[in-house]
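Descriptive analysis of the structure
In case you want the letters, here they are:
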Amino acid sequence: MSGLRLVAERTGDGAGQPFLDTENGEELMHVQPGTAIVLGNRSPESPGTLYITTKKVVWLSDTDRRKGYAVDFLSVSLHAVSRDPEAYPDPCLYAQIDNGVEDDESEGSTDEGDQSSDISRITELRLLPSDPNQVDTLFQIFCECAELNPEPIEEEEEEHNWIFSADQLENQEAEEEESEWMISQNSTHSIGRSNGDHDLAHNVLQLQINDQRFEDAEEMDSDSKNGHH
């Protein structure tokens, strides 16, 4: 599933922890308590705990066990440290999210009061640790996890396979020779084809008519000579 999603289930007591897909090798990389999260242009959520795994980023509220968000690293298209007060008042880790929908359907710049919008439409988030010095640490961990989750390469090897075996080369040469033979055969019968050679066909027909007229004229001339004798 692409984009940001809600996390409704946890494991353990108290605030709990996110479930890990250990069967597919998912491991916990870092835990950052006291971290606030900002979705789009909404107000910051009350501080919770940030969990960074080898597969995804998970934020869980410390006060509401039913509130949590997660996004796979494959959906994080960009991440950067933000310390510009004009961009955001507090130092934070900024991330853009590829949610797989059109830009006009996304919620990258949502009004603060619009809390009912679909979470999956959000295209950016900010993580604000209580200790601003931890922003650089989060950035480095994001970089490491991004390297662990490269974008999948589309399987186009068959279409662009330029390596041929000896049998394939022989078959290709045979097909080319057959194609050349067919072109040669077709070119010898081009007069009978109605492929635009109308003038040529007309000239041949006119020649046949003229030949017939010549034969009639010769017969008339022969009869005329015989009559004079």
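Everything quoted here is computed from the prediction, not taken from an experiment.

The subject of this paragraph is the sheet that holds strand β1 (residues 5–6). In space, the 8 strands of this open sheet follow the order β1-β5-β4-β3-β2-β8-β7-β6, with antiparallel pairing throughout. Single-partner strands in this sheet number two, and they are β1 and β6 (76–82). Where strand β4 (residues 56–61) lies against strand β5 (residues 68–72), 5 bridges are found, and the strand directions are antiparallel. Among the inter-strand pairings, Leu60 is bridged to a residue of β5, identified as Gly68. Relative to β6, helix α1 (residues 135–148) is tilted by about 160 degrees, and along the sheet it contacts β2 (28–39), β3 (48–53), β4, β6, β7 (92–97) and β8 (124–129).

In a regular helix each residue adds 1.5 Å, so 14 residues correspond to 20 Å; α1 covers 20 Å between its end C-alpha atoms and thus fits that length. Within the span of α1, buried status applies to Val135, Leu138, Ile141, Phe142 and Cys145. Projected down its long axis, α1 shows its buried positions confined to an angular sector of 125 degrees, all on one face. Here the buried face of α1 lies against β2, β3, β4, β6, β7 and β8.

Attention shifts here to the packing of aromatic side chains. Tallied over the full model, the rule gives 2 aromatic pairs. Ring geometry for Trp59 versus Tyr69: centroids 5.9 Å apart, planes at 20 degrees, classification stacked. In this pair, Trp59 sits in strand β4 while Tyr69 sits in strand β5, placing the two residues 10 residues apart along the sequence. Per residue, the accessibility class of Trp59 equals that of Tyr69, and both read buried. Arranged with centres 5.3 Å apart and planes meeting at 75 degrees, the rings of Phe73 and Phe142 form a pair that is edge-to-face. Separated by 69 residues along the polypeptide, Phe73 in the loop between β5 and β6 and Phe142 in helix α1 bring together distant segments of the chain. Of the two residues, Phe73 and Phe142, both sit in the buried class.

Rules behind the numbers
Residues numbered from 1 in each chain as written. Predicted model: local features only at pLDDT ≥ 70, side-chain atom pairs only at ≥ 80, totals over all residues. Heavy atoms only, no water. Pairing = 2+ DSSP bridges. Helix = DSSP H or I, 4+ residues; strand = E, 2+ residues; numbered from the N terminus. Contact = heavy atoms within 4.5 Å. Axes fitted to C-alpha atoms, helices over the stretch in contact; angles between N-to-C directions. Expected span 1.5 Å × (residues − 1). Buried < 20%, exposed > 50% of the residue type's maximum accessible area, 1.4 Å probe, protein only. Arc of directions from axis to C-beta. Phe/Tyr/Trp six-rings, centres within 6.5 Å; stacked < 30°, edge-to-face > 60°.

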